[in-house]
Amino acid sequence: MKKFILLIISIAFIGTMYGQNKVGTTAAPFLGIGAGPTAIGMGGAFTAVANDPSALYWNPSGISRTGKTEVMMEHTNYLLGTSYNFFAGVVALDEDNAIGLSVTDLDYGSEPVTTIQMPDGTGEQWSATDLAVGLTYSRNLTDRFSIGGTVKMISQSIWRESATGWALDAGLLYITPFNDLKIGMQIANFGTDMKMTGQDLYITHNPDKSVAGDNPNIPAEYYTNSYPLPLLFRIGLSMDVLKTTDNTITLAVDALHPSDNNQSVNLGAQYVWNKMVYARVGYKSLGVPNSEEGLTFGFGLGYELTYNLVLKLDYAYESYGLLKNIQKFALSLSF
């Protein structure tokens, strides 16, 4: 088992080492937006925690450890007037197997279409949307080791142009014998390149205006470049440093190696009282020069509606420097 884990780590580092490491040169950067107020409240240090439906984003191997069927809906008023929504549903098939469905949507809103001749608008509206839909399967191979994988369809559209891609996520979760210290790993967004296509790229062209009598309206298309997805490898540690009947304190740390940004570290902590009250704090993007990200915190409230039916409300605040802040809200139901 240890050799297998070391092999996965080696493959992941080799893959990212030879990938691109340039900021802003990948398609679908929205895939880097963290999901779930629990994880964000803990500074994004959630790879080895992975104990709610947002694990479908952070580490798909975690969903088979919860033993619950649970749905979560999140809404965030994101940066610069955009809207981020995340839905996650997890179904426990039995004690060792679980499946999940996740939908991520980033809506940029809409604006009137204007031209030089019609500066007040043509009567049309243009809009832009990013979408990712993932199907996940996770299995406990032993009482301490779990694996999981996700197949994702990714789409980006702006007015009448769009691009589609496919990607795989893979995750591991290992509970060590040392005070149940957890080690989590994930490789995310390993997939196809994306390229914009659409009707506004179709034109007519005269290849040689010096030649008389030829067809001046040859059908043609503007060429657009293909861009890779933002490949990401992360590894995390978490441990319950205090665990009694009513009180639990969890500490966590994640290290990230993305293909389109600097390597960084996230730190987080969570306090739980009686599985009803949750308090979280964290810090994101340590090691990233001039990062606008930083302090995070959040809380959660759980209420048992009936036996085994629990309603939970979660909130997270994330400081974004000059871009002010982001506030996440999520409602989940488990049974």
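K.L.:
Give a description of the overall build of the chain that names residues and reports values.
P.N.:
In terms of helices and strands, the chain carries four helices and 19 strands. Reported as C-alpha extents along the three principal axes, the dimensions of the chain are approximately 85 × 45 × 40 Å. Per-residue burial over the chain gives 43% buried out of 335 residues. Approximately 17,600 Å² of the chain is accessible, and the part contributed by carbon and sulfur atoms is 61%. If you average the places of the 20 positive and of the 30 negative side-chain charges in the chain, the two averages end up 9 Å apart.

K.L.:
Describe the nonpolar core, listing the residues and the values that go with them.
P.N.:
The nonpolar side chains of a soluble globular protein tend to be buried with one another. By size, the foremost hydrophobic cluster in this structure holds 38 residues, and its most contacted members are Phe30, Tyr78 and Ile154. When residues of this core are traced back to their parent elements, those giving at least two are α2 (37–41), α3 (55–58), β2 (83–92), β3 (97–112), β6 (161–175) and β19 (325–334). Those residues within four positions of Ile154 in sequence are excluded, and the remaining contacts are Ala28, Phe30, Leu31, Leu131, Ala132, Ala163, Thr164, Gly165, Ala167, Met194 and Leu229. Ranked by size, the runner-up nonpolar core spans five residues in total, among them Phe145, Leu172, Tyr174 and Phe233.

K.L.:
So what's going on with the confidence of the model for the chain? Residues and values would help.
P.N.:
The predicted model of the chain has a mean per-residue pLDDT of 90, with 93% of residues at 70 or higher. Within the chain, α3 carries the highest mean pLDDT (98), whereas helix α1 (residues 2–17) carries the lowest (45). Segment residues 3–21: pLDDT under 50, and 24 contacts once partners within four positions in sequence are set aside and those in other chains are kept.

K.L.:
Run through the packing of aromatic side chains, naming residues and quoting values.
P.N.:
Taken as a whole, this structure holds seven aromatic pairs when the rule is applied. Consider the rings of Tyr78 and Tyr84, whose centres lie 6.4 Å apart with planes at 40°: the pair is tilted. By the burial criterion, Tyr78 is buried, and Tyr84 matches it. With a centroid separation of 5.3 Å and 35° between ring planes, the pair formed by Phe299 and Tyr315 is classed as tilted. Remark: Tyr315 occurs in strand β18 (residues 309–319) and Phe299 occurs in strand β17 (residues 295–306); sequence separation between them is 16 residues. When its relative accessible area of 41% is taken as the criterion, Phe299 is described as partly exposed. Judged by its relative accessible area of 11%, Tyr315 is buried. Grouped by ring-pair contacts, the aromatic residues Phe46, Tyr57 and Trp58 constitute a single cluster. If you follow Arg160 out to its NZ or CZ, it ends over the ring of Trp159, 4.0 Å from the centre. Sitting over the ring of Tyr278, Lys312 keeps its end group 4.4 Å from the ring centre.

K.L.:
Give a detailed account of the pattern of salt bridges, specifying residues and quantitative values.
P.N.:
Scanning the entire structure with this criterion turns up eleven salt bridges. For Asp180, the salt bridge is made with Arg144, and the minimal N-O distance between the two is 3.4 Å. Remark: Arg144 occurs in the loop between β4 (125–140) and β5 (145–158) and Asp180 occurs in the loop between β6 and β7 (182–191); sequence separation between them is 36 residues. Bridged by salt links that share partners, the residues Glu124, Arg160 and Asp200 form one connected network.

K.L.:
Describe the environment of Thr69, with residues and values.
P.N.:
If you trace the backbone, Thr69 turns up in the loop between α4 (63–66) and β1 (70–77). Residue Thr69 is classed as buried on the basis of its relative accessible area of 17%. Each C-alpha atom of the pair Thr69 and Pro53 lies 9.1 Å from the other, and the pair is 16 residues apart in sequence. Among all residues touching Thr69, those that are not within four sequence positions of it are Val90, Val91, Ala92, Leu333, Ser334 and Phe335. A distance of 3.4 Å separates a polar side-chain atom of Thr69 from the backbone nitrogen of Ala92.

K.L.:
Which residues make up unusual backbone geometry, and what values go with them?
P.N.:
Outside of glycine, negative phi angles account for most residues, and trans bonds account for most peptide bonds. The phi dihedral of Leu80 falls on the positive side, at around 55°, and the residue is not glycine. Here Leu80 is to be found in the loop between β1 and β2. Positive phi, close to 50°, is recorded for Asn179, a residue that is not glycine. Note on placement: Asn179 falls in the loop between β6 and β7.

Rules and cut-offs
- Counting starts from 1 at the beginning of each chain's written sequence and moves along it residue by residue.
- A pLDDT threshold of at least 70 governs which residues receive local features in this predicted model, and a stricter bar of 80 or more applies before side-chain atom pairs are shown or counted, although totals over entire chains, interfaces and linings include all residues.
- To obtain the side-chain values, all non-hydrogen atoms of the structure were used and water was disregarded.
- Helix numbering and strand numbering both begin at the N terminus, where a helix is a DSSP run of H or I of at least 4 residues and a strand a DSSP run of E of at least 2.
- Note on exposure labels: buried denotes an accessible area under 20% of the residue type's maximum, exposed denotes more than 50%, and partly exposed covers the range between, all computed with a 1.4 Å probe on protein chains only.
- Every accessible area reported is derived by Shrake-Rupley at a probe size of 1.4 Å, with residue values counting cover from the shown protein chains alone.
- For the purpose of charge, His is not counted, nor are the chain termini; Lys and Arg are scored as positive and Asp and Glu as negative.
- Lys charges are placed at NZ, Arg charges at CZ, Asp charges at CG and Glu charges at CD.
- Take the buried Ala, Val, Leu, Ile, Met, Phe, Trp, Tyr and Cys residues and link them wherever side-chain atoms come within 4.5 Å; each set so joined is a nonpolar core.
- Should any heavy atoms of two residues lie within 4.5 Å, those residues are counted as being in contact.
- The predictor's confidence in any single residue is recorded as pLDDT, a number from 0 to 100.
- When two rings of Phe, Tyr or Trp (its six-membered ring) have centres within 6.5 Å they constitute a pair, described as stacked for plane angles under 30 degrees, edge-to-face for angles over 60, and tilted for the intermediate range.
- Over a ring means this: the NZ of a Lys or the CZ of an Arg is within 6 Å of the ring centre and within 35 degrees of the ring normal.
- Salt bridge criterion: a side-chain nitrogen from Lys or Arg within 4 Å of a carboxyl oxygen from Asp or Glu.
- Here a polar contact is taken to be a pair of N or O atoms separated by no more than 3.5 Å, where protein atoms must pair a possible hydrogen donor with a possible acceptor and residues adjacent in sequence count only if both atoms sit in side chains.

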